[in-house]
Amino acid sequence: AGVGPRSTWTDMSKYNIPQIETILTEWTANIIPKNINENTPERIALGVENSRELFVDTIIVEIRRSTEKVGLGILLQEIKGGRSDGLGITVVSGLVEGGLCEEQDCDVMVGDSISSVSVLQTNKSKDGAAGLQDTTTEVTAMTECLGYDATVEAISSLPPPPSSGQEQILKLTMKRIRRKPLITINLQYPPSQKEPDTKIQLYAGENLRLAMLVRGIKLNDPLAKRFDTKSGGNCGAGGLCRTCAVSVVRGGELLNPQKMAEEQMLKDDTPRWRLSCKAFVGYGMKEGEMTVQVNPRQW
């Protein structure tokens, strides 16, 4: 929550986990309940045990299919399975030397799990006066949360390699465990509180107010007035009392943008102020350092 779309200039590879042992122990499967509003059925999806520090990312890999090399050139290993229904978790254990993936330098890592494989075939057909037209068909095999045998069976069900003159692309949807971006916040208190400056570390997606409160940081500014009643009182993260306002001295780009309601509530204050109950760190999947002053009305 709160991280928004990732920045195009963010190098996500720096969040890769080099320890394969960590990856293998972290993979888990979660039941996602059906959503009546979106009309989606119940399903099983890959997840991580330590969801506070890690997350499952999605990587799309496209491979030009060859008539000479039939397979993907990916070695697989079942780390959880043995069920009669074929469910399990199968991950990449390596690449075949000289295989399609290695040959085309695909972004596939040991420990990744294949969520689906699609065959995209482009055919040329005549369309009257328009001449030759390209039409693309796509056939997909779902492999997320399947054991080894079920994964191989699903991939083997896809259409065969192209005949001469046809172009085929294999689109792999990969799931990869990555660490969450880490944000270091230098907290400064007003001199009247006689509190020493301190540092806290948050993971991308954490709410600033909640993270400070669980660490015992006092936010209830007695000089703040509620936006709705113009009196004192804590609204409990409802975004009405302004007692959790902070001044972001440095690193404001690491927070989610303000919405209209928050802008309206703080329009008479400095542009650096934020309601910490509405602020989430790690926006755009960026990490870095911030300097934040608490209880800014007391400075």
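To start, this report covers the structure provided alongside it. (Residues numbered from 1 in each chain as written. Predicted model: local features only at pLDDT ≥ 70, side-chain atom pairs only at ≥ 80, totals over all residues. Heavy atoms only, no water.)

## Here's the deal with the pairing of strand β11 (residues 245-250)
- Relative to strand β12 (residues 273-275), β11 runs antiparallel, the two being bridged by 3 bridges. Within the sheet, the bridge partner assigned to Val246 lies in β12 and is Arg274. (Pairing = 2+ DSSP bridges. Helix = DSSP H or I, 4+ residues; strand = E, 2+ residues; numbered from the N terminus.)

## What about the pattern of salt bridges?
- Under the definition given, this model contains 10 salt bridges.
- Close ionic contact of Arg178 with Asp57 constitutes a salt bridge, the shortest N to O distance being 2.5 Å. Taken together, the positions of Arg178 in strand β8 (residues 167-179) and Asp57 in strand β3 (residues 54-64) put the pair 121 residues apart, joining distant regions of the chain. A single burial state applies to Arg178 and to Asp57, both of which are buried. (Salt bridge = Lys/Arg side-chain N within 4 Å of Asp/Glu carboxyl O. Buried < 20%, exposed > 50% of the residue type's maximum accessible area, 1.4 Å probe, protein only.)

## Considerations on unusual backbone geometry
- One non-glycine residue, Lys194, lies in the positive phi region at around 55 degrees.
- For Lys194, the position within the fold is in the loop between β9 (182-188) and β10 (198-203).
- Residue classification places Lys194 among the exposed positions, given a relative accessible area of 76%.
- Here the phi dihedral of Asn295 falls at roughly 45 degrees; this positive angle occurs in a residue that is not glycine.
- Assignment of secondary structure puts Asn295 in the segment after β13 (288-294).

## Some remarks on helix α3 (residues 148-156)
- Along α3, the positions that sit buried rather than exposed are Ala150, Thr151, Ala154 and Ile155. Buried residues along α3 cover an arc of 130 degrees about the axis, so they all sit on one side. Exposed residues pointing more than 90 degrees away from the buried face of α3 are listed as Asp149, Glu153 and Ser156. (Arc of directions from axis to C-beta.)

## Description of the pairing of β9
- Taking burial as the measure, the 7 residues of β9 include 5 buried ones, the bulk of the element.
- Where β9 lies against β10, 6 bridges are found, and the strand directions are antiparallel. Pairing of Thr184 across the sheet is with Gln201, part of β10.
- Bridge count between β9 and β13: 6 bridges; the pairing is parallel. Bridging across to β13, Ile183 finds its partner in Gly288.

## Describing the environment of Thr90
- Here Thr90 shows up in strand β5 (residues 89-95).
- Here Thr90 falls in the buried class, since its relative accessible area comes to 5%.
- Along the backbone, Thr90 and Lys80 are 10 residues apart, and their C-alpha atoms lie at a distance of 7.1 Å.
- Leaving out residues up to four positions away in the same chain, Thr90 has contacts with Leu76, Gln77, Glu78, Asp112, Ser113, Ile114, Leu146, Gly147, Tyr148 and Thr151.
- There is a polar contact of 2.8 Å between the side chain of Thr90 and the backbone oxygen of Leu146.
- A polar contact of 3.1 Å, which involves the side chain of Thr90, links it to the backbone nitrogen of Tyr148. (Contact = heavy atoms within 4.5 Å. Polar contact = N/O pair within 3.5 Å; in protein donor to acceptor, adjacent residues only side chain to side chain.)

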